[in-house]
Amino acid sequence: MRLRCFALTGFLLLVALPLELSAQQPSGQQASNQNDIPTITRTYAITNARIVVAPGQEIPRGTVVLRNGVIEAVGPDVPVPTDAWVLEGDSLVVYAGFIDGLSHAGVPAPRRDENQQEERRRVQNPGDPPPELAGLTPERDVRTLLKPDDASVEKLRRVGFTMAHVVPRGRMLPGQGALIFLRGQTPAEMVYRGEMSLFAQLEPAQGVYPATDMAVLARFRQLYREAARRRQHATLYAGDPRGLEPPPYDPVHAAFFPVLEKRLPVFFYTEDALDIHRVLALQQQLDFPLRLAGLAQSFDVLEKLKQANIPLFLTLDLPEAPKDTSKLGKLSDDSLAARYHTYLHVSSYRDVPAEIENLKARQAKERIKYYETAARLHEAGLRFGFSTRDADPDKILGNLRTMIKYGLPEEAALAALTIDAARLLGIERAAGTVEVGKLANLVVTTGPLFDEKTRIRYVFVAGELFEIKEPARRPRAREEGAPRPAPTAPGPARWTRRKALSTRRCASRGNPVRFPAAPFLSNYLWKT
């Protein structure tokens, strides 16, 4: 009997102890444990959303399923997996992630190097300086320079970019580019594909050769031909080394070998029409694989670009009108350009205002040429992507709307951001559209992409979700003549002595203040 009693007591203790412990556990912790039952998942489902599969091809209402960084399913009747995080897509639009054709994203700007300036002063032969001082570092790999926490990565991601072809910073030959994801905790996590390009630009050195644009072209031509000679020597030696001197190794010339073998294209950044003419002539002389980026003044060389038939990446940077407080400053560029007179003659100083107005009208007319560049490239049948180099990320979407306003079709703008950029970079089988099997790079917006009121809600980079929150808005300054806001109820007040402010001083700031006539009150103000 005693044994049965002890057994019953032990059984009751075993049952009661877990109940007591669970009762003592905070309710928040219980809820947390319940939410932890479906452990970490890399599966997402965006349901009931409008899906733009590709420019001109869309699903009015459907579901996109992402699993392990890849698009698993797309369609109107796709079942939602049980392990998926569900994003309700009502009133949302899904686009393919944007691809940046050329930028410095994730590559911090170098600080001013005083030691390098001192070395430049001590160069004995400025006509033949060390490669680094001359801006010749083609062997440098951008993958060794990436900083995942660089602010440029997040800024581009906020406006919809998920991948970028990034290159080193520098002068004539900064180094080799790579294609990266705009996410990751380490440089290795960011890299999608290395050895994408050899980056070049008409950026002369300072104080040493090559110090001019023409010298840069001459130096490139010299390096290319010398690299071809060295490669031939290396090929002969590899075939039969007997009786031959081993070829010397030089990293600058060796970096050209993949270009000579047509395995690595040269990405040349150009700014004006003259740069484009010079680079195209250089390519015809040397016959290397070429890609052009920048192209701000390509509206003057459309025929040349059509004949060259090479991939193009147009800058997303547009000129801005200078600040103008006059009445002309309130006019749009179209209205201002309409006032331009080609044959305006100034006969006296009284005509100076008319000449100033005509000059501003001409400036507006020139700016419009840049706004129309994308449309003219499209009309000429030239396929192009976009480059964010030199562009302010906060102004990219606004600049795209400006290009559309001046003739670029919305479908062409979307194609340049997605599928055309993917084709030109050779990754169209992996990115550029919302299709099964492609990378889970998506942009989810609150409406049509190029609508001014639309904002980006989510961005997926290789299946990783980023929620894009609106930046905190600064309070607007009160306009002159506008009513003052109603005063709030005062809190506990105390007397504080402050220096008296004159009515004139406050009025100059747009806030006229009048103090009581009593002199002693002008030095004491209520402070709540």
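Values in this document were obtained by computation on a predicted structure and should not be read as measured data. Position numbers for residues count from 1 along each chain, tracking the sequence in the order it is written. Per-residue local features of the predicted model are confined to residues with pLDDT of at least 70, and side-chain atom pairs are confined, for both listing and counting, to 80 or more; whole-chain, interface and lining totals are unaffected and use all residues. Each side-chain value is worked out from all heavy atoms of the structure, with water and hydrogens disregarded.

J.: Sorry, what's going on with the overall build of the protein here?
T.: To qualify as a helix, a DSSP run of H or I must reach at least 4 residues; to qualify as a strand, a run of E must reach at least 2; elements of each kind are numbered from the N terminus. The number of helices and strands found in the protein is 17 helices and 18 strands. By the convention used here, residues are in contact when the closest approach between their heavy atoms is within 4.5 Å. By sequence separation, contacts in the protein at least 24 residues apart represent 69% of the contacts at least 6 residues apart. Only the protein chains shown count as cover for residues, and all accessible areas are computed by the Shrake-Rupley method using a 1.4 Å probe. Accessible area for the protein stands at about 31,100 Å²; split by element, carbon and sulfur atoms hold 51% of it.

J.: Any chance you could explain empty space enclosed by the protein here in plain terms?
T.: Any empty space left between atoms is shown by rolling a water-sized probe over those atoms. Site definitions follow a grid-based scheme: protein atoms alone, a 1 Å grid, a 1.4 Å probe that fits but cannot get out for cavities, and for pockets an open set with protein on both sides within 12 Å along at least five of seven lines, plus lining residues having an atom within 4 Å of a point. Grid points are joined across faces, edges and corners, and a volume is the space filled by probe spheres set on the points. On inspection of all chains with the given rule, the structure shows three cavities of 30 Å³ or more. Estimated volume of the largest cavity: approximately 40 Å³. What lines the largest cavity is simply Ala-96, Gly-97, Ile-99, Thr-162, Met-163, Ala-431, Gly-432, Thr-433, Leu-439 and Asn-441. Residue polarity is assigned by list, with Asp, Glu, Lys and Arg as charged and Ala, Val, Leu, Ile, Met, Phe, Trp, Tyr, Cys and Pro as nonpolar; anything else, Gly included, falls into the polar class. Tallied by class, residues from the lining of the largest cavity come to five nonpolar, five polar and no charged.

J.: Would you take a moment to explain the packing of aromatic side chains for this structure?
T.: The way to describe two aromatic rings as a pair is by their centre distance and the angle between their planes. For Phe, Tyr and Trp, where Trp contributes only its six-membered ring, two rings pair if their centres lie within 6.5 Å, and the inter-plane angle classes them as stacked under 30 degrees, edge-to-face over 60, or tilted in between. Taken as a whole, this structure holds 13 aromatic pairs when the rule is applied. Ring plane angle 55 degrees and centroid distance 5.7 Å describe the contact between Phe-220 and Phe-268, whose orientation is recorded as tilted. You can see Phe-220 sitting in helix H6 (residues 213–239) and its partner Phe-268 sitting in strand S10 (residues 266–270), a full 48 residues away along the chain. Each residue is placed in one exposure class: buried if its accessible area under a 1.4 Å probe, protein chains only, is under 20% of its type's maximum, exposed if it is over 50%, and partly exposed if it falls in between. Accessibility expressed as a relative area gives 1% for Phe-220, which makes it buried. Among the residues examined, Phe-268 registers a relative accessible area of 1% and is labelled buried. Ring plane angle 55 degrees and centroid distance 5.5 Å describe the contact between Phe-220 and Phe-288, whose orientation is recorded as tilted.

J.: Looking at this structure, how should I read a negative patch on the surface?
T.: Each patch is built from residues that are more than 30% exposed by relative accessible area and take part in no salt bridge. Like charges join if they lie within 9 Å; nonpolar side chains (Val, Leu, Ile, Met, Phe, Trp, Tyr) join within 5 Å. Counted as salt bridges are all cases of a side-chain nitrogen of Lys or Arg within 4 Å of a carboxyl oxygen of Asp or Glu. Counting rule for charge: Lys and Arg are taken as positive, Asp and Glu as negative, and neither His nor the chain ends is counted. Lys charges are placed at NZ, Arg charges at CZ, Asp charges at CG and Glu charges at CD. Among the surface-exposed residues, Glu-410, Glu-411, Asp-451 and Glu-452 lie close enough to one another that they form a single negatively charged patch. Among the secondary structure elements, Glu-452 is positioned in the loop between strand S14 (442–445) and strand S15 (456–461).

J.: Can you walk me through the sheet that holds S10 in this structure?
T.: Pairing between the strands of a sheet is mediated by backbone hydrogen bonds and can be parallel or antiparallel. As summarised here, the arrangement of the eight strands in space is S6-S7-S8-S9-S10-S11-S12-S13, forming an open sheet in which the pairing is mixed. This sheet does not close on itself; its edge strands, each paired only once, are strand S6 (98–103) and strand S13 (384–387). Taking the axes of each pair of neighbouring strands and ignoring which way they run, one obtains an average angle of 30 degrees across the sheet. Inspection of the sheet shows strand S9 (residues 191–201) paired to S10 by four bridges, in the parallel sense. Within S10, the residue paired with Ala-200 across the bridge is Phe-268. Two strands are said to pair when DSSP picks up at least two bridges between them. The angle between two axes is taken between their N-to-C directions and runs from 0 to 180 degrees, where each axis is a line fitted to C-alpha atoms and a helix contributes only its stretch in contact.

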